[in-house]
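Fold and contact review
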Amino acid sequence: AQSRRVAEIFKMRYMDESGFLDEDDIDLEIKCLYHLLQVDQNRGKVISKKWGDVLRWFGPIKDNNGYPGFLGRIKRVLKLPYFHGPLSEKSALHSLRNERVGSFLLRFSGKPGAFSLSYVTPEERVAHRRFYFCPNDNAFFKFNHQKFYSIQALLGAFQKQNIIIDGKESSVYRCLFDSSKSGNNYIVDEDHDFMEE
């Protein structure tokens, strides 16, 4: 019965208004997962350490209600324009060094399962705050003793206190979401007209 419910939820999630499955959305989510797992760089193979890291950052595959939110969480984080992925603390410091107060970026932390928020303080120093994804209690993000059900909500709390203001954009994952790139491995060639006149 639970597997039937999961299948229904899955269909509802990817169903468009016309009643057809939105394959582009799931294709994009799988493309995001492949990118994180570095499948192309590893000759089509998944390295177990990478898989473990991805599960710590975004797992479980199904939440307590049986909803398959894993791929959606990956896509939502990678789509954030200020998410820099596997950027080191030193590189984050360098990237924000000459930025104005309140500038920030989000990145994977060096600790598996954690993210880091790096930002410019009023004293014009770069500070780093680590927060964790906690998959057990309906998948939330935890900072200090507070729970947030999305990274956006957690960052919103920082923005309300004027700790962070402007996100420093990253191009690390932009290629995954660039609508000018074609989907399904077809190349869009708008510069040439191959039809004879």
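It should be emphasised that the depicted structure is a prediction, and the values quoted were computed from it without experimental measurement.

So, on to the packing of helix α3 (residues 48–58) against helix α4 (residues 70–78). Closest axis-to-axis distance for the α3/α4 pair is 10 Å, and the angle between their directions is 85°. Between α3 and α4, the angle is such that the two are roughly perpendicular. On α4, the residues touching Trp-51, Val-54, Leu-55 and Phe-58 of α3 are Phe-70, Arg-73, Ile-74, Val-77 and Leu-78. Looking at the contact of α3 with α4 residue by residue, the class counts come to eight nonpolar, no polar and one charged.

Summarising the sheet, strand β3 (residues 126–134) and strand β4 (residues 140–143) pair through three bridges and their orientation is antiparallel. Within the sheet, the bridge partner assigned to Tyr-132 lies in β4 and is Lys-142. As defined by bridge partners, β4 adjoins strand β5 (residues 146–148) across three bridges and the pair is classed as antiparallel. Counted as the bridge partner of Lys-142 is Lys-147 from β5. In this structure, the hairpin formed by β4 and β5 is closed by a connection of two residues, where Asn-144 is found at a positive phi of approximately 55°.

Take the packing of aromatic side chains next. Going through the model one piece at a time under the given rule, you end up with 14 aromatic pairs. Their ring planes at 20° and their centres at 3.6 Å tell us that Trp-57 and Phe-108 sit as a pair that is stacked. Of the two residues, Trp-57 sits in helix α3 while Phe-108 sits in strand β1 (residues 103–108), which places them 51 residues apart along the sequence. On the basis of relative accessibility, which here comes to 10%, the residue Trp-57 falls in the buried class. With 5.6 Å between their ring centres and 40° between their planes, Phe-108 and Phe-115 make a pair best called tilted. Feature note: the residues Trp-57, Phe-58, Phe-83, Phe-108, Phe-115, Phe-131, Phe-133, Phe-141 and Tyr-173 constitute an aromatic cluster, connected by ring pairs.

Calculation criteria
Residues numbered from 1 in each chain as written. Predicted model: local features only at pLDDT ≥ 70, side-chain atom pairs only at ≥ 80, totals over all residues. Heavy atoms only, no water. Axes fitted to C-alpha atoms, helices over the stretch in contact; angles between N-to-C directions. Helix = DSSP H or I, 4+ residues; strand = E, 2+ residues; numbered from the N terminus. Parallel < 35°, antiparallel > 145°, perpendicular 65-115°, else oblique. Contact = heavy atoms within 4.5 Å. Nonpolar A, V, L, I, M, F, W, Y, C, P; charged D, E, K, R; others polar. Pairing = 2+ DSSP bridges. Phe/Tyr/Trp six-rings, centres within 6.5 Å; stacked < 30°, edge-to-face > 60°. Buried < 20%, exposed > 50% of the residue type's maximum accessible area, 1.4 Å probe, protein only.

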